[in-house]
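The chain contents come next:
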Amino acid sequence: METNDTSERSLQDRIRAGDENAFDTVFRSHYAHLVRMAESVLRERALAEEVAQEVMLELWRRRESLQVEQTLRAYLLRATRNRALNHVRHQRIVAREAAIAAIDSPSAPSAEDEMIGTELEQAVHAAIEALPEKCREVFQLSREQGLKYAEIAVTLEISVKTVEKRMGQALAELRDRLEQWLPTKRA
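Just so it is clear, the model here is predicted, and its values are computed rather than measured.

Caption draft 1: Layout of the nonpolar core. One finds V26, L34, M56, L59 and L76 to be the most contacted residues of the largest nonpolar core, which totals 24 residues. Secondary structure elements with two or more residues in this core: α1 (2–16), α2 (20–42), α3 (45–61) and α4 (72–104).

Caption draft 2: Spotlight on the packing of aromatic side chains. Enumeration according to the criterion identifies three aromatic pairs in this entry. Between F23 and F27 the ring centres are 6.2 Å apart and the planes differ by 45°, which places this aromatic pair in the tilted class. Here F23 pairs with F27, and both are found in helix α2, just four residues apart, close to one helical turn. By relative accessible area, which is 27% here, F27 ends up partly exposed. A ring pair is formed by F27 and Y31, whose centres lie 4.8 Å apart and whose planes are at 15°; its orientation type is stacked. Of this pair, F27 and Y31 both sit in helix α2, separated by four residues, roughly a single helical turn. For Y31, a relative accessible area of 19% translates into the label buried. Taken together, the ring pairs connect F23, F27, Y31 and W60 into an aromatic cluster.

Caption draft 3: View of the side chain of T80. In this fold, T80 is placed in helix α4. Setting aside residues no more than four positions away along its own chain, T80 makes contact with L34, M37, A38, V51 and V55.

Caption draft 4: The arrangement of the layout of surface pockets in detail. Approximately 1200 Å³ is the volume attributed to the largest pocket. Surrounding the largest pocket, 31 residues form its lining, E58, R83, N86, V154 and T155 being those nearest its centre. Every element with two or more residues in the lining of the largest pocket is listed here: α3, α4 and α7 (149–156). Of the residues contributing to the lining of the largest pocket, the split by class is 13 nonpolar, nine polar and nine charged.

What counts and how
- Residues numbered from 1 in each chain as written.
- Predicted model: local features only at pLDDT ≥ 70, side-chain atom pairs only at ≥ 80, totals over all residues.
- Heavy atoms only, no water.
- Core = buried A, V, L, I, M, F, W, Y, C linked by side-chain atoms within 4.5 Å.
- Buried < 20%, exposed > 50% of the residue type's maximum accessible area, 1.4 Å probe, protein only.
- Helix = DSSP H or I, 4+ residues; strand = E, 2+ residues; numbered from the N terminus.
- Phe/Tyr/Trp six-rings, centres within 6.5 Å; stacked < 30°, edge-to-face > 60°.
- Contact = heavy atoms within 4.5 Å.
- 1 Å grid on protein atoms, 1.4 Å probe; cavity = no way out; pocket = protein on both sides within 12 Å on 5 of 7 lines; lining within 4 Å.
- Points joined across faces, edges and corners; volume = space filled by probe spheres on them.
- Nonpolar A, V, L, I, M, F, W, Y, C, P; charged D, E, K, R; others polar.

So, to be careful, I would describe these as geometric facts and stop short of saying anything about function.
Set out below in structure tokens:
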């Protein structure tokens with residue numbers, strides 16, 4: 001067992017140092033398991049392969065800061081499972097929003113409604129683009145990609161508190177910039 005632990009640590013150290021052969025070894029050893037894990041959650045082979053590839057790519061991208069508490073296999077399987085579950089959650093949100101939009105939208109919006117909608121969409125887009133870069137990045141990961149604050153913190157390699165601060169700043173700036181579009185407060 002000691003030699004297994006030693007070779008595992010050695011592989012991690014080599015990957016951390018940028019050894020592509022070590023990464024290739026890990027990829028070949030674990031990729032099929034990762035695809036099966038993702039497919040058990042997603043029920044779609046092509047999507048499962050994409051998720052497994054994303055996990056392996058993320059391993060390579062973050063190799064220098066790689067901290068694996070358990071085995072590399074367990075780490076990769078957990079990362080794959082989490083990414084697959086995030087995808088499922090995101091798809092549910094998209095489906096729910098589409099269903100709500102279908103129920104809420106009138107059959108034929110008036111030309112005035114369409115014009116106002118287009119103006120509002122442009123105003124929102126411009127307001128988001130005008131946000132400071134770091135705030136915009138957090139906002140888009142949260143609102144457009146559906147990531148939780150903890151996931152954003154991991155993705156951007158910052159603390160959850162920093163994510164909260166940047167999101168609060170982004171929302172405050174968006175409220176200010178879009179004030180004319182917001183309903184007026186009643187006393």
